[in-house]
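Coordinates in review
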Amino acid sequence: MSLEDRLQAALEVRAAGTRTSPDALVTIRGRVRRSSRRRRGVLAGASALAVAVVAGAAAVALGSGPSVGTVATSSTPSSLTPSSAPVSPPPTSDSGPAPSARPSDRGLSSEPVYLVASTSDGDRLYREYHQLPGGELTERIAAAITEMIDKAPLDPDYRTGWPSGAGVRSVSIEAGVVVVDLTVPPTPPADPDLAVQQLIYTVTAVAAQAGRRDLTQVRLVGDLGWGLDTSEPLPRAAHLDVLAPVWLASPQEGAVVGRTFTVEVQGTVFEAAAVLRVRDGAGAVFDERPVQLSAGPPSRGLASLELTLPPGLYTLEAFYRSPNDGSEQAIDDHAITVR
Amino acid sequence: MAARVSGGRGVVQAPDPLPEAAGWSAEAGSWRAEAGSWRAEAGTWSADEAVTQLFIAQYRPLVRLAALLLHDDSAAEEAAQDAFVALHRTWSRVRDPDRAVAYLRQIVINRCRSALRRRGVADRFLRRQGPSVTMPSAEAGALAAETHDEILGALNQLPTRQREVLILRFYADLAEAQVAEAMGISQGAVKSHTARALAALRRRVERPS
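The notes below deal with the structure included here. Within any chain, residue numbers begin from 1 and follow the written order of that chain's sequence. Ligands are numbered from 1 and chains lettered from A, in the order in which they are written. It should be noted that, the model being predicted, local features are given only for residues of pLDDT at least 70 and side-chain atom pairs only at 80 or more, the latter also being counted only at that level, while totals for whole chains, interfaces and linings use all residues. Think of the side-chain values as coming from all heavy atoms in the structure, minus any hydrogens and water.

Remarks on the overall build of chain A
Applied cut-off: Comment: elements are numbered from the N terminus, with helices defined as DSSP H or I runs of at least four residues and strands as E runs of at least two. Accessibility here uses a 1.4 Å probe with only protein chains present; expressed as a share of the type maximum, an area under 20% marks a residue as buried, one over 50% as exposed, and anything in between as partly exposed. Residues are treated as being in contact if the distance between any of their heavy atoms lies within 4.5 Å. Residue burial considers only the protein chains on display, and all accessible areas are found by Shrake-Rupley using a 1.4 Å probe.
Counting secondary structure elements, chain A contains five helices and 15 strands. Buried residues in chain A amount to 54% of all 339 residues. Within chain A, residue pairs in contact and separated by at least 24 positions form 70% of the contacts whose partners lie at least 6 positions apart. Roughly 13,600 Å² of accessible area belongs to chain A as shown, and the carbon and sulfur atoms make up 51% of that amount.

Points about the packing of helix α1 (residues 3-16) of chain A against helix α2 (residues 47-70) of chain B
The angle between the axes and the distance between the axes are what describe a pair of packed helices. Worth spelling out the cut-off: For helices, the fitted axis covers only the stretch in contact; all axes are lines through C-alpha atoms, and the angles between them, taken along N-to-C directions, range from 0 to 180 degrees. Any angle between 65 and 115 degrees counts as roughly perpendicular, while under 35 counts as roughly parallel, over 145 as roughly antiparallel, and the rest as oblique. Whether a crossing is left-handed or right-handed is set by the direction in which the near helix is turned from the far one by less than a right angle, anticlockwise for left-handed and clockwise for right-handed. Classes in brief: Ala, Val, Leu, Ile, Met, Phe, Trp, Tyr, Cys and Pro nonpolar; Asp, Glu, Lys and Arg charged; the others, Gly included, polar.
In contact at an axis separation of 9 Å, α1(A) and α2(B) are set at 110° when each is read in the N-to-C sense. With respect to α2(B), the element α1(A) is oriented roughly perpendicular. Once α1(A) is placed against α2(B), the crossing between them reads as right-handed. In contact with A:L11, A:R14, A:A15 and A:A16 of α1(A), α2(B) contributes B:R64, B:A67 and B:L68. Taken together, the residues that form the contact of α1(A) with α2(B) break down as five nonpolar, no polar and two charged.

A closer look at the sheet that holds strand β15 (residues 328-338) of chain A
All names here are of chain A. Just so we agree on the cut-off: Paired strands are those between which DSSP finds at least two bridges.
The strand order β9-β15-β14-β11-β12 describes an open sheet built from five strands, whose pairing is mixed. Each of the sheet's edge strands pairs with one partner strand only, and the pair in question is β9 (256-257) and β12 (285-292). Two strands pair when backbone bridges link them, and strand β11 (residues 273-280) and strand β14 (residues 312-321) are joined in this way by six bridges, in the antiparallel orientation. Bridged to R279 within β14 is T315.

Focus on the packing of aromatic side chains
Heads up, the rule is: The aromatic pairing rule takes the rings of Phe, Tyr and Trp, using the six-membered ring of Trp, and pairs them if the centres are within 6.5 Å, calling planes under 30 degrees apart stacked, those over 60 edge-to-face and the rest tilted.
A full pass over the atoms with the stated rule returns seven aromatic pairs over all chains. For the pair B:Y59 and B:F84, a centre-to-centre distance of 6.0 Å together with 50° between the ring planes defines the contact as tilted. Of this pair, B:Y59 sits in helix α2 while B:F84 is found in helix α3 (residues 73-94), placing the two residues 25 residues apart along the sequence. An identical accessibility class is assigned to B:Y59 and B:F84; each is buried. Put simply, the rings of A:Y114, A:Y201 and A:W247 touch in pairs and so form one group of aromatic residues.

The structure is reproduced here in structure tokens:
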């Protein structure tokens, strides 16, 4: 074997062992969007996005849907009550990249992680699903909290409400309460209450997804010295006070879907009237239609729509119109690819 | 930066791409086969579409190239991602998949050079040379792995330009002209770097240990 052949073989073997991240395209798109926004001088945060990308998930039966550009709408009953019931992940088994509650073959499970973004009502929570290692419930809760604090959200408009340096020491379940032992830096974040709710929503959603809907309270122990009273277990705050008015729950940013796929919108909006807009790759409006959610305030309503689009790049936008002046509010937009 | 200019012309305006420019030997056979129809479509792609389409065909080969140059998979991904972000900005001027692949490669090589400069090349390489880190090995077999270790270890002791030339020739399977364009040097320099690099490699791997 010549030296050149040996070199070629060695390089090929070495190269073949290189791993690539399944989220790379999402990362690139996020960076492109950030740099475009900087160039355009557009304020980020006007459209805060709910995102969860499950790479490779698409799988909606092709060819059986309505013709291109048509939409069938069906509202489903809200699973939410006005105050403190956990906003558990709605049933999403047929909604494209919707996450699975069960661990996948690779031992990963799709866990809800709440994040903060700006809306016209102030900072509010959005939800992403992240692929995290499975395991016991307490391990899954700890992993979701760590993800929430440390990992960059998939969407560039998102951020965590927690300061860097925070972390989880342990998670346990005692007498129907999830006990989270945290280590946090002494300087409080901009909105400590929302940060704590971000954690409580994450913890209780992970528990609910695992079938433990009884776990609705979280006790924080450790050195949380932000002037909060954490001596008692804390419940979720009312969703009206902390969740964003509209989520484009599915598909998520960066999703690659089949031609026919399910769009899911959630929210608490005036007269349960949301809007879904589809822009093509060039940003032109391809389709826009009203979406009637299953419930209006104070409940959080849901709607799912089946959408069929020709292959290409699109941006889906969910929002509501202000009852005062008709302006578009709380736009939640996701860039997706239709195969 | 030298690699951005080849023969005094801007990177994206270089005429007459060689047929091989559409893809990489080991990776892009299918893409090369489809490149004709791509060319027809590519003129109408938006920057987003170009990034998506080229990502599907070229991301992994570019990460692999960067990994060979850097010996660090996560830094390699960053270099490849930088290239796609840069492509998005310049797509309106590129508008051609062949050009775009050449452009992506140049950016990756530039980013790798910068990364190596930042981290202080030589000794970092030596520290990262452990076979367990660099060799995938499972199916390669112990003997083959040992041979690969030896030759890659020798490769990584070469000067940067010589390593680049060998990786672009023998991994990416580029013609001399393409290597010259990718590295921002003349074809004559590619020839001489290649000859010197192979001679040095031969000395190192054939030296009794």
